[in-house]
Structure formats: structure tokens, C-alpha cells
Amino acid sequence: MAVWDDLVGQDRVMEQLSAAARDADVFVTAAASVPGEAPPSGGSMTHAWLFTGPPGSGRATAARAFAAALQCVSPDRAVGGTPGCGFCEGCHTTLVGTHADVEIVRTDQLSIGVKETRDLVRRAQLSPAGGRWQVIVLEDADRLTEGAGNVLLKAVEEPAPRTVWLLCAPSLEDVLPTIRSRCRLLTLRTPPVAAVADILARRDGIEPEMAARVARATQGHIGRARRLATDERARARRAAVLKLPLRVDDVGGCLKAAQELIDAAAEDAKQVAEEVDAKETEDLRAALGAAAGTGSRLPRGTAGAMKELQDRQKRRSTRTQRDSLDLALVDLTGFYRDVLAMQLGSRVEVANADMQDALERVARASGPERTLRRIEAIIGCRRALDRNVAPLLAVEAMTMALRAG
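Within every chain, residues take consecutive numbers counted from 1 along the sequence as written. Selection of residues for local features in this predicted model requires a pLDDT of at least 70, selection of side-chain atom pairs for listing and counting requires 80 or more, and totals for whole chains, interfaces and linings are taken over all residues. Side-chain measures were taken over the full set of non-hydrogen atoms in the model, leaving aside hydrogen atoms and water.

Peer 1: Quick rundown of the overall build of the protein? Include the residues and the values.
Peer 2: Runs of H or I in DSSP of at least four residues are treated as helices and runs of E of at least two as strands, each being numbered from the N terminus. Each helix and strand counted, the protein has 15 helices and five strands in total. Only the C-alpha atoms count toward the radius of gyration. The rule for a globule is 2.2 Å times the residue count to the power 0.38. Computed over its C-alpha atoms, the radius of gyration of the protein comes to 24 Å, within 12% of the 22 Å expected for a compact globule of 405 residues. Accessible area is worked out with a 1.4 Å probe on protein chains only. A residue is then buried under 20% of its type maximum, exposed over 50%, and partly exposed in between. Buried positions account for 46% of the 405 residues belonging to the protein. When contacts within the protein are restricted to residue pairs at least 6 apart in sequence, long-range pairs at least 24 apart make up 72% of them. His is not counted, nor are the chain ends; Lys and Arg add positive charge and Asp and Glu add negative charge. By convention, the point assigned to a charge is CZ for Arg, NZ for Lys, CD for Glu and CG for Asp. Distance between charge centres in the protein, computed from 55 positive and 54 negative side chains, equals 3 Å. Note on contacts: a residue pair qualifies if any of its non-hydrogen atoms lie within 4.5 Å across the two residues.

Now the structure itself:
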């Protein structure tokens, strides 16, 4: 299976990356016989790339596939084969995250700071251990702080030989103008629903009917579709969210629905913490030389490291809660999108076919203007959460706006 097979519905992007990988391979092959040659500065290959696209489009997947193609050592390349076979050591170790010359950076924190970025820049200055490329994949470039972005700018502006930066962000506006002007832009689109359903059935062994239903429900978001198909709790949580429009008939119902949304997001964060935090804490205690058991005393001078870990875990919990809440708001937006389609007599297929009765009920009780205002209220809530408004206040304001219409 070639590394490009995971890029669902991204034929144009695949062609561009394949061409760049071929040019990069030609350069590396030639440089092996002519040491000291400068890396390519024109053509289809360049030192910095920016992958943009909506959630679920596969930005990180495309970046990892390109990284694997750059490290491909398949013998088929000598007879005209395209780099990125998916089977050789270079491809395999890159895709599983163990290649010595590929650093894949994803964060479970709210932002990426200056310290972490400086560590990346230092890594980028190293020569590749395998003689091909030093590749830095930054999956959350939109989470760079302003200071971190300025640190990264210098590295992108004056790249080290044989270093390639692959940055991922939802849109151009999420990256500093000075950085994006020095990157080659690749814009991915939301994959077609039918293509997502097909890959879920073929590659993940999901029943075709279920695959089609979850692909339609998530409107082409591969990761969310896979989770809905395989996680009963995710399906139950989504079903509860989609019942919210029927529960905002009075003020009490609005406030109760808002509290339940917040509680569900908090429960998601708690589950992640239970799975990860305890192991992280115990591993750090062992590394610091503490005796087994959480009640044992830490060695002198190590309390700061433990405090830093606790702060990081707290920030991760906050992000998990926000991400879970945002996912619920996306589902809610999809519900009202279906309502609007019904009200306007559109022939577009509804995403939430399993909620047909509820959709028709809400569509009959209001007009398109009120539905649009409700969608705007949800969007406004998401923006408020991005600005660090207290989650409960933001969601309560939204549910009240849904009631008013």
C-alpha cells in the first residue's frame, strides 16, 4: 500500500506531492555522487510547506505521507518508481513515528510555546542521520504563540541544508503572514462522503451500511466517522447533543441543556486524564528516583519537575474539554443545517437522517431566518470559547439564543 493511499479525495494534492518527492529523490541520488551540492530551490520541491484545509480533510495525513516519500528507499525508484512505496524501511518507520530523521510534533496543550519551538529549530539544524532529509512535521502550527512563530520564522527563512518543514493549519489566517509567505501552500478539501464510506468499509472492516451512515453524519470527516463507527459512547453522546434543539422551549430547559453539555465535555476530559495522567506521574516519579507508590516522598529538589507535569496535565485537560465541547457544537450546527435545507426545499442529502422526525418538527416550527440566526448563535459560541470566555456562560448564552431563534 503506497503512502498516498490514505489521502482520500485529494488527487490534486497527491500529484503535487508525488512530483516533489520525485525531484527530491533525484537530488539526493545525485548528491550522493557530488557531495556538497545545494538542495533544490526551484521546481516542484522546496524546503517549507504549509498544508491547510478544514478539519477532517487529512492535513496531517498528507504531511506524514510526504515525509515518508522523502525518506523512501525502495529499489523501485531506480527503475522509475515513485517514492512512497509504503513498504520499505524509510516509509514504514516514518509512518509509525520511529524514523530517526523525522520529527512529528502534535500537541495536547492549548498552545506551542517558545521553548518547544527552539528545541525544534535546534533539531532542524542537524544533518540527517540517514543521508536523505531532516523532516519536521508540525501538525498544530495554528497553536504557535506569537513568540514561538517568530522563533520558527528564522528557521524557515534561512533553512538548514537537507531540512524540510511541513506545517499544518486549518487556514492561511492561522499562521503568521511572514511564515506562510515562505512556504508552498497546499489546500486540501473535505473528502466526499462516498469516498470516506468506501475507505471505512475497505480498510477498517466496518459494515457498509454503518460506514455510509457515519460518513454522512460527519460530512466527510474521516477521523470522526471512524470514531462514531467504532465507539458506542461517541454515538450516544452525539445522539444526546442532537436532542438539544427539542429541549430549549423554556429558560429552565436552556440552562439545564447547557449544563449537560459542559458536564459531558468535562467527563471526556476526566476519562483522558484517568488513562494518561496516572501513568505519566508514576513514570516521572520513577525517573526522579522516588520510591514506588504515590504516598512516597520525592527526592529533594525535584518538586519543580512534578509541578511542571501537573501544570501540563491541567492544560491538556482544558484543551480536551474544549475540543469535546467544540465537537458537540459542530454536530449541533449540522442539525440546523439540515433543518435549513428542509425549509428551503433543497435536494441536498441531510446529514442526520436518523433524526428525521426531530428535523421535521423543528423545521415546521420556524422559518429559515430563525434557523440562520440559530446557526449564527452556535458560531458565536465557538468564537467566544476561542476567546477564553467561561464555557458555561458561553453555552448558556447560546441555548438562550436557540430558544429565541
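Peer 1: Explain helix H8 (residues 208-217) to me, and be specific about the residues and the numbers.
Peer 2: When H8 is considered as a whole, its buried residues turn out to be Met210, Ala211, Val214, Ala215, Arg216 and Ala217. At its buried positions, H8 is contacted by helix H7 (193-203), helix H9 (222-230) and helix H10 (232-242). Positive phi shows up at Gln219, right after H8, with a value of about 55°.

Peer 1: Tell me about a negative patch on the surface, and please be specific about residues and values.
Peer 2: A cluster of acidic side chains, namely Asp263, Glu267, Glu274 and Glu275, defines a negative patch on the protein surface. Tracing the backbone through its elements, the reader meets Glu267 in helix H11 (residues 251-288). By relative accessible area, which is 38% here, Glu267 ends up partly exposed. Only residues above 30% relative accessible area that lack a salt bridge enter a patch, with like-charged residues linked at up to 9 Å and the nonpolar side chains Val, Leu, Ile, Met, Phe, Trp and Tyr linked at up to 5 Å. The method behind every accessible area is Shrake-Rupley, applied with a 1.4 Å probe, and residues are considered shielded solely by the protein chains displayed. The salt bridge definition used is simple: a Lys or Arg side-chain nitrogen within 4 Å of an Asp or Glu carboxyl oxygen.

Peer 1: Report on the pattern of salt bridges, specifying residues and quantitative values.
Peer 2: Going through the model one piece at a time under the given rule, you end up with 24 salt bridges. Of the charged contacts, one joins Asp119 and Arg122 as a salt bridge, the two residues approaching to 2.3 Å between their closest N and O atoms. Linking Asp119 with Arg122, this pair stays in helix H4 (residues 114-124), spanning three residues, or about one helical turn. For Asp119, a relative accessible area of 35% corresponds to the partly exposed category. Ionic pairing is found between Asp338 and Arg337, a salt bridge with its closest N-O pair at 2.7 Å. Here Arg337 falls in the partly exposed class, since its relative accessible area comes to 27%. What emerges from the salt-bridge pattern is a single network uniting Arg224, Arg238, Asp331 and Asp354.

Peer 1: For the pairing of strand S1 (residues 48-52), give the residues involved together with the corresponding values.
Peer 2: Two faces make up the sheet, and in a regular strand the side chains alternate between them. For S1, a buried count of five out of five residues is recorded, marking the element as mostly surrounded by other parts of the structure. Residues of S1 alternate between two faces, with Ala48, Leu50 and Thr52 on one and Trp49 and Phe51 on the opposite face, all of them buried. Two strands are counted as paired when DSSP detects at least two bridges linking them. Here five bridges tie S1 to strand S4 (residues 163-169), and the two strands are oriented parallel to one another. Bridge pairing in S4 places Ala48 opposite Trp165. In this structure, S1 lies alongside strand S5 (residues 184-187), joined through four bridges in parallel fashion. Across the sheet, residue Leu50 finds its bridge partner in S5, namely Leu185.

Peer 1: An account of the packing of aromatic side chains is needed here, citing residue identities and associated values.
Peer 2: Any pair of Phe, Tyr and Trp rings, taking the six-membered ring for Trp, is counted once the centres come within 6.5 Å. Such a pair is stacked with planes under 30 degrees apart, edge-to-face with planes over 60 apart, and tilted for the rest. Going through the model one piece at a time under the given rule, you end up with three aromatic pairs. Seen from their ring centres, Trp49 and Phe66 are 5.1 Å apart, and the 70° between their planes marks the pair as edge-to-face. Here Phe66 lies in helix H2 (residues 59-70) and Trp49 lies in strand S1, a separation of 17 residues in the sequence. Seen from their ring centres, Phe335 and Tyr336 are 5.5 Å apart, and the 85° between their planes marks the pair as edge-to-face. By definition here, charges over rings are those cases where NZ of Lys or CZ of Arg is within 6 Å of the ring centre and within 35 degrees of the ring normal. Stacked on the ring of Trp133, the Lys or Arg Arg162 has its end atom at 6.0 Å from the ring centre. Above the plane of the ring of Trp49 lies Arg184, whose end atom (NZ or CZ) is 5.4 Å from the centre.

Peer 1: Tell me about unusual backbone geometry, and name the residues and values.
Peer 2: For residues other than glycine, phi is negative in most cases, and the peptide bonds are mostly trans. Backbone geometry places Gln219, a non-glycine residue, at a positive phi of 55°. With respect to the secondary-structure elements, Gln219 resides in the loop between H8 and H9. Looking at Gln219, the relative accessible area reads 33%, which means it is partly exposed. For Asn388, which is not a glycine, the phi torsion comes out positive at approximately 65°. Relative to the helices and strands, Asn388 is located in the loop between helix H14 (368-386) and helix H15 (391-404).

Function cannot be read off these values alone, since they describe shape.
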